[in-house]
Amino acid sequence: MTLQDISARISKAEGDAGRTPGSVSLIAVSKVQPNARVQAVLEAGHRCFGENKVQEAAGKWPDFRETFGNVDLHLIGPLQSNKTRAAMELFDAIHSVDRPKLAKSIARIAQEEGHCPDLFVQVNTGEEEQKAGILPEDADSFVAECLSMDLPVKGLMCIPPVDEEPSLHFALLAKIAARNGLSGLSMGMSSDFERAIALGATHVRVGSAIFGERTKS
Ligand SMILES: *Cc1c(COP(=O)(O)O)cnc(C)c1O
């Protein structure tokens, strides 16, 4: 079972970085994976998963939760404002808070429902046109705006550009989080989670290294 290999590599990376054992949460990214593979990881006892689409997650996780009990579910993909309520019902954490309009809509629904998932502000550290996330220069004011609305912002999230050394982006994200008093860092994927842990990741999002290559995108 590759889940065990990944867990062992996370433990080793925590130790190498002088981090507390168990301080890094492994989010198993199950998007577009066949249900049988997801079920195998649930049967192995893992209970923390990530999905990048609300609709896809809504199609499988209520059933899995019925069978396997409580599962900690994280939304790691972009969130359209019209799916905010559905996302807040389904997910325990949303890692893609990236614009004032979305933050306001989350705040309004949280007031109505008396409940809000943990939130991460996504930062577009590579300043890529096609990528979601608030620009680094706007991050401080956006975090302050979220906190002024009493939103439970736990940390920051980034997806480094594919063709750049991810460590530079992890270090930038850690720096922005530190100066905003945020302890959560959602960073690191299959190819670079150990480097992310070395730079302070609290949540790594690992898909293909656990489940195998995705057949669809
Ligand atoms: C798909 C995805 C991952 C996991 O990617 P792998 O390379 O398969 O580990 C992590 N984070 C986000 C935001 C993703 O969309």
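Throughout what follows, the structure given in this document is the object of discussion. Source: prediction; values computed, not measured. (Residues numbered from 1 in each chain as written. Predicted model: local features only at pLDDT ≥ 70, side-chain atom pairs only at ≥ 80, totals over all residues. Heavy atoms only, no water.)

Let's talk about the overall build of the chain
For step 1, the next point in the chain: Along its length, the chain carries nine helices and eight strands.
For step 2, the next point in the chain: Its C-alpha radius of gyration of 17 Å places the chain within 12% of the 17 Å reference for a compact globule of 217 residues.
For step 3, the next point in the chain: Overall, the chain is about 45 × 40 × 30 Å in size when its C-alpha atoms are taken along their principal axes.
For step 4, the next point in the chain: Across the 217 residues in the chain, those meeting the buried criterion constitute 49%.
For step 5, the next point in the chain: In the chain, the proportion of contacts linking residues at least 24 apart, taken out of those at least 6 apart, comes to 59%.
For step 6, the next point in the chain: A total accessible area of about 10,100 Å² is found for the chain, and carbon and sulfur atoms account for 49% of it.
For step 7, the next point in the chain: Charged side chains in the chain number 23 positive and 29 negative. The centres of these two groups are separated by 2 Å. (Helix = DSSP H or I, 4+ residues; strand = E, 2+ residues; numbered from the N terminus. Rg over C-alpha atoms; globule rule 2.2 N^0.38 Å. Buried < 20%, exposed > 50% of the residue type's maximum accessible area, 1.4 Å probe, protein only. Contact = heavy atoms within 4.5 Å. Areas by Shrake-Rupley, 256 points an atom, 1.4 Å probe, with all protein chains shown as cover. Lys, Arg positive; Asp, Glu negative; His and termini not counted. Charge placed at Lys NZ, Arg CZ, Asp CG, Glu CD.)

Remarks on the site of the ligand
For step 1, the next point in the chain: Taken together, Val29, Lys31, Ile76, Ile159, Met189, Ser190, Arg205, Val206, Gly207, Ser208 and Arg214 make up all the residues around the ligand.
For step 2, the next point in the chain: Ser208 is positioned with one of its backbone polar atoms (N or O) 2.8 Å from an oxygen atom of the ligand.
For step 3, the next point in the chain: Within the side chain of Arg214, a nitrogen or oxygen atom sits 2.8 Å from an oxygen atom of the ligand.
For step 4, the next point in the chain: Cavity membership is defined here by more than half of the atoms lying within 2 Å of grid points; on that basis the ligand lies in the largest pocket.
For step 5, the next point in the chain: In terms of residue class, the shell around the ligand is built from five nonpolar, three polar and three charged. (Near = heavy atom within 4 Å. Polar contact = N/O pair within 3.5 Å; in protein donor to acceptor, adjacent residues only side chain to side chain. 1 Å grid on protein atoms, 1.4 Å probe; cavity = no way out; pocket = protein on both sides within 12 Å on 5 of 7 lines; lining within 4 Å. Sits in = over half its atoms within 2 Å of the grid points. Nonpolar A, V, L, I, M, F, W, Y, C, P; charged D, E, K, R; others polar.)

What to know about unusual backbone geometry
For step 1, the next point in the chain: Despite not being glycine, Val32 has its phi angle at roughly 50 degrees, a positive value.
For step 2, the next point in the chain: Following the sequence through the fold, Val32 ends up in the loop between β1 (25-29) and α2 (35-43).
For step 3, the next point in the chain: The class for Val32 is buried, based on a relative accessible area of 15%.
For step 4, the next point in the chain: For Asp150, which is not a glycine, the phi torsion comes out positive at approximately 65 degrees.
For step 5, the next point in the chain: Mapped onto the elements of the fold, Asp150 is located in the loop between α6 (136-148) and β6 (153-157).

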